[in-house]
Amino acid sequence: MPFHFDTSYARLPEHFYQRVALTPVSHPGLIVVNQALAEQLGVSPEGLASPEGVALLAGNRVLEGTSPLALAYAGHQFGHFVPQLGDGRAILLGEVVDRDGRRRDIQLKGSGRTRFSRGGDGRAALGPVLREYLVSEAMAALGVPTTRSLAAVTTGEVVRRETPLPGAILTRVASSHLRIGTFEYFAARRDSQAIVELTRYALARHYPEAPTPAGPAVALLDQVIGAQAKLVARWMALGFVHGVMNTDNCSIAGETIDYGPCAFLDAYHPSRTFSSIDEQGRYAFGNQPRIALWNLTRLAEALLPTVDPDEDRAEAVLTEHLESYSGRFNAHYAAELRKKLGLMTERDGDLELALGLLAPMAEQRVDYTLCFRGLANVLLGDDTKVVRLFSEPAPLREWLERWRRRLALDERPVEEQVALMGSVNPAFIPRNHQVEAMITAATEGDRAPFFRLLSVLADPYREQAEAADLAEAPGQDQFGYRTFCGT
Ligand code: AMP
Ligand code: MG
């Protein structure tokens, strides 16, 4: 038995989920097992890669005594409330407690239809599965809280999208699959008892140490605000565009979840979007911090009926916590930017200094990752790498002087500053054009680009000379990248 499940979610009331009988696939085939993650979960990687393991990862076999669940949730999609979404193409196989005592969900994504599938086929195509596997693992290596990928298998079946595509199933690992949308599901049904229960469950599972002077709902909101403020600050520091920050894709545990239309910035601009369905730019790079607050406000509304019998008092206390978000986000973001600039002390004006670089970067559409990575070279006496990223270098040169004066105030050795910058400014990110090329190759049967990217991105802060091509910005013909929701 590769997994020893202990599924706490199954002990919640029956209307929190559906027990699902899985639909087997015709020819399951292994693509990849994440050895390090398997070991961390206390799962044998060899067991997972064996024919019995692959049958399990494909949904062709269910462990005795376990029952897969499709979780109920709702959500605001692009600002519009949908009272029922739910796991329409995913199921929770079960929960395991990992080597560090952390409880983790093991979920199959692309595992077939459930009660929540609506018109969908419940399946996933190979491309989006490999993209999620690769990008989620890259995010983990970059140090961002995220769901993880344990395995990917092919189904031997065709899924029909715009064109027929090979089918695949991802095994996703998450601290939980609780979302803001899970709370909204019960709020829409005026099921306060369920919200009370869900709140208790979420606090115990994710924030057992949270102080609760104003009661569990306020405590939970406060923790989720803190986790989301920190998470989105990490995204902003790395130039990550989630692309579909609907409330059903907003994790209570504060992990990045749902890698459908995500992308990393190449040419920097706050208004950048990549998703073909985000026509209004709602989820543009620079909007992400305020969208997180918008989502948190939906969580507060869902919790409201359980906070205080006096509605005004309930609203007042929730509002007070929501108002703390901006300050908390700004503090995290400023701290991220300081590290990116090699600053080791906090001084007034640091945020303005960083913005002073971002402005010409935006104006001149400078590659975000190359620019920050290149700054360390300036301290080592070589500014050519950075300067040549700017078509008009005068504003950069002025800024570099300002930055040097500020660095000098820290009175720290250059080596320390360079080391700090090297530990937060990656050399490698999953570049959109490379991810796209990887998907095309894999769909045509060549998985070598997938494994190459996977291995380089496992160590994104280290120079890897043999992978220099993967650090490059897209060429002119590779711009204009669009992502499509992975459905
Ligand atoms: P997502 O875009 O992955 O966040 O999914 C939004 C909602 O659509 C969720 O309820 C999914 O379960 C559902 N969904 C997405 N793709 C499919 C599919 N191929 N079949 C059934 N449901 C789907
Ligand atoms: Mg989703």
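Cut-off values and rules
- Residues numbered from 1 in each chain as written.
- Chains lettered and ligands numbered in written order.
- Predicted model: local features only at pLDDT ≥ 70, side-chain atom pairs only at ≥ 80, totals over all residues.
- Heavy atoms only, no water.
- Helix = DSSP H or I, 4+ residues; strand = E, 2+ residues; numbered from the N terminus.
- Rg over C-alpha atoms; globule rule 2.2 N^0.38 Å.
- Contact = heavy atoms within 4.5 Å.
- Areas by Shrake-Rupley, 256 points an atom, 1.4 Å probe, with all protein chains shown as cover.
- Lys, Arg positive; Asp, Glu negative; His and termini not counted.
- Charge placed at Lys NZ, Arg CZ, Asp CG, Glu CD.
- Donors = N, O, S within 2.8 Å, 3.2 Å for Na, K, Ca; no water.
- Buried < 20%, exposed > 50% of the residue type's maximum accessible area, 1.4 Å probe, protein only.
- Near = heavy atom within 4 Å.
- Polar contact = N/O pair within 3.5 Å; in protein donor to acceptor, adjacent residues only side chain to side chain.
- Nonpolar A, V, L, I, M, F, W, Y, C, P; charged D, E, K, R; others polar.
- Domains from an automatic or database assignment.
- Core = buried A, V, L, I, M, F, W, Y, C linked by side-chain atoms within 4.5 Å.
- Phe/Tyr/Trp six-rings, centres within 6.5 Å; stacked < 30°, edge-to-face > 60°.
- Lys NZ or Arg CZ within 6 Å of the ring centre and 35° of its normal.
- Pairing = 2+ DSSP bridges.
- Patch = residues over 30% accessible without salt bridge, like charges linked within 9 Å, V, L, I, M, F, W, Y side chains within 5 Å.
- Salt bridge = Lys/Arg side-chain N within 4 Å of Asp/Glu carboxyl O.

I'm lost on the overall build of the protein chain in this one. Help?
Scanning the protein chain for helices and strands turns up 17 helices and 12 strands. Whereas a compact globule of 487 residues would reach a radius of gyration of roughly 23 Å, the protein chain reaches 23 Å, a difference of no more than 12%. The C-alpha extent of the protein chain, read off along each of the three principal axes, is 65 × 60 × 40 Å. The contacts in the protein chain between residues at least 6 apart in sequence include a share of 72% that link residues at least 24 apart. When the accessible surface of the protein chain is summed, it comes to about 19800 Å², and 51% of that surface belongs to carbon and sulfur atoms. For the protein chain, the centre of its 50 positive side-chain charges and the centre of its 60 negative side-chain charges are spaced 2 Å apart.

Can you help me understand the coordination of the magnesium ion (ligand 2) in this one?
Each donor-metal-donor angle would ideally measure 109.5 degrees in four-coordinate tetrahedral geometry, or 90 or 180 degrees in six-coordinate octahedral geometry. Binding of the magnesium ion (ligand 2) to the protein goes through Asn249 (OD1) and Asp258 (OD), at separations of 2.2 to 2.3 Å. Using a relative accessible area of 19% as the deciding quantity, one classes aspartate 258 as buried.

Would you explain the site of ligand 1 in this entry?
Ligand 1 sits among 18 residues. The nearest are Gly86, Gly88, Asp121, Gly122 and Asp258. Arginine 123 has a polar backbone atom sitting 3.4 Å from a nitrogen atom of ligand 1. Taking 480 Å² as the accessible area of ligand 1 by itself, protein coverage stands at 88%. Tallied by class, the residues present in the shell around ligand 1 amount to 2 nonpolar, 8 polar and 8 charged. A domain-level breakdown of the shell around ligand 1 finds at least three residues from each of domain 1 (8–174) and domain 2 (180–260 + 280–332).

Explain the nonpolar core to me, please; I cannot follow it from the model alone.
Soluble, globular proteins show a tendency: their nonpolar side chains are buried together. Counting residues in each nonpolar core, the largest one holds 129 residues, and the members touching the most others are Phe3, Tyr9, Phe183, Leu341, Met361, Leu375 and Trp403. Broken down by element, the residue count for this core peaks at 15 residues, all from helix H7 (residues 216–238). Once you skip the residues sitting within four places of it in the chain, leucine 375 turns out to touch Leu341, Leu357, Val386, Trp399, Leu400, Trp403 and Met421. In terms of nonpolar packing, the next biggest core, distinct from the first, is built from 26 residues, Leu126, Ala427, Val456 and Ala471 among them.

Just checking my understanding: could you explain the packing of aromatic side chains for this structure?
Each pair of aromatic rings is reported with the distance of its centres and the angle of its planes. Inspection of every chain in the model, using the stated rule, returns 18 aromatic pairs. A cation sits over an aromatic face here: arginine 189 above tyrosine 185, 3.7 Å from the ring centre. One cation-aromatic arrangement involves arginine 298 over tryptophan 294; the distance from NZ or CZ to the ring centre is 4.3 Å.

Teacher, can you tell me more about the pairing of strand E7 (residues 103–109) here?
A regular strand places its side chains on the two faces of the sheet in alternate fashion. Taken across its 7 residues, E7 has 6 buried, putting it largely inside the fold. Sheet analysis places strand E6 (residues 90–97) next to E7, joined by 7 bridges and oriented antiparallel. Bridging across to E7, glutamate 95 finds its partner in aspartate 105. Between E6 and E7, which pair antiparallel one after the other, the connecting turn spans 5 residues, and glycine 101 there sits at a positive phi close to 80°.

Where do I start with a negative patch on the surface in this structure?
Together, Asp310, Glu311, Asp312 and Glu315 give the surface a local cluster of negative charge. Of note, glutamate 315 is situated in helix H9 (residues 311–340). When its relative accessible area of 43% is taken as the criterion, glutamate 315 is described as partly exposed.

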